[in-house]
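Residue strings, one per chain:
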Amino acid sequence: MPDDLTPRPEPGPAAGEIEPILTVPPEVGAPKPNPILVVDNLTRSFGGLRAVDVDHLEMERGVVTALIGPNGAGKTTLFNLLTGFDRADTGRWSFDGQPVTSPSPDQLARKGMIRTFQLTKSLAKLTVLDNVLLGAPGQVGERLPVAPFRSRWRHQEQANTERAEELLERFNLAHMRDELAGTLSGGQRKLLEVARALMAEPVLIMLDEPMAGVNPALAQSLMRHITLLAYEGLSVVFIEHAMDVVTGISDWVVVLAQGRVIAEGPPWKVIHDDEVIDAYLGRRRAGAGS
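Cut-offs used in this document
Residues numbered from 1 in each chain as written. Predicted model: local features only at pLDDT ≥ 70, side-chain atom pairs only at ≥ 80, totals over all residues. Heavy atoms only, no water. Buried < 20%, exposed > 50% of the residue type's maximum accessible area, 1.4 Å probe, protein only. Helix = DSSP H or I, 4+ residues; strand = E, 2+ residues; numbered from the N terminus. Pairing = 2+ DSSP bridges. Right-handed = clockwise from strand over helix to strand, strands pointing away. Core = buried A, V, L, I, M, F, W, Y, C linked by side-chain atoms within 4.5 Å.

Below, the discussion takes up the pairing of strand β7 (residues 204-208). Of all 5 residues making up β7, 5 are buried, and the element is well covered by its neighbours. Pairing of strand β6 (residues 113-115) with β7 involves 3 bridges; the strand directions are parallel. For Met 113, the partnering residue across the bridge sits in β7 and is Leu 204. Inspection of the sheet shows β7 paired to strand β8 (residues 235-239) by 5 bridges, in the parallel sense. Note on β8: the bridge partner recorded for Leu 207 is Phe 238. Where the polypeptide runs from β7 across helix α6 (residues 216-231) and back to β8, its parallel neighbour, the crossover connection is right-handed.

As judged from the 10 bridges shared by strand β1 (residues 35-46) and strand β2 (residues 49-60), these two strands associate in the antiparallel manner. Pairing of Arg 44 across the sheet is with Val 52, part of β2. Once β1 ends, the chain turns through 2 residues before running back antiparallel as β2, passing Gly 47 with a positive phi of about 65°.

A separate point is the nonpolar core. The biggest cluster of nonpolar side chains holds 49 residues, and the ones touching the most others in it are Val 132, Phe 171, Leu 192, Leu 198, Ile 205, Ile 226 and Val 255. The next biggest cluster of nonpolar side chains, apart from the first, holds 31 residues, and it includes Leu 78, Val 100, Leu 108 and Met 206.

Below is the structure:
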């Protein structure tokens, strides 16, 4: 993992997994070598407002993809549709090679698609450790017929606890394992939410503005963690407004404006795209002095 947060250079042969994405042309709807998400004709309207209108979009497996755009571009709505927290008007998409026919958050989570929210969802009255344990999949002890027989789920509970403690250690929260989650700072709650998401053993993690409200020190820590997730083979998609974060940790950038994908490509190319600049500033860079 890189020690700094400068933009990733174009990788050489040793860079491994992100190299295939750099063979993709920076064009809207460009096919990817090994996509984990494929979206077609996805729309969502609220009254007369078309919040999402995506013709075709593929998100590559095993890389960090940033989803950016001005306020109101439809980023969170797109997240909500793909993760089952909202219903599309039209469209279809596949996840991990399988069509998503009846999207619901719990079904998609069991298949390995986990998301976080801009406003953290920690359970304030539970301990930090218990919050992470909530993410463990397939907990046998939660089934009523089995619950009275602790011998049948004791080993799983022990394994889950060890895994949760490893994640707390990784995110520098181990010293607060027995504290109530409500006592954590905003940045610590962001870290806790990511730890809980990883407890569910996802193949794709979708982060909605993970840096929002996080102090600079914790933001740098979280950025390094996100980078490490991709190096470990996890697919990451995150919504972000800060361009230093986008250029610092993303391998690929998708830009939304008025619900449509207007650009995609490596960060060092997308941030210089005239249409992207126009969407953010309301004018072309070439006309900035006129």
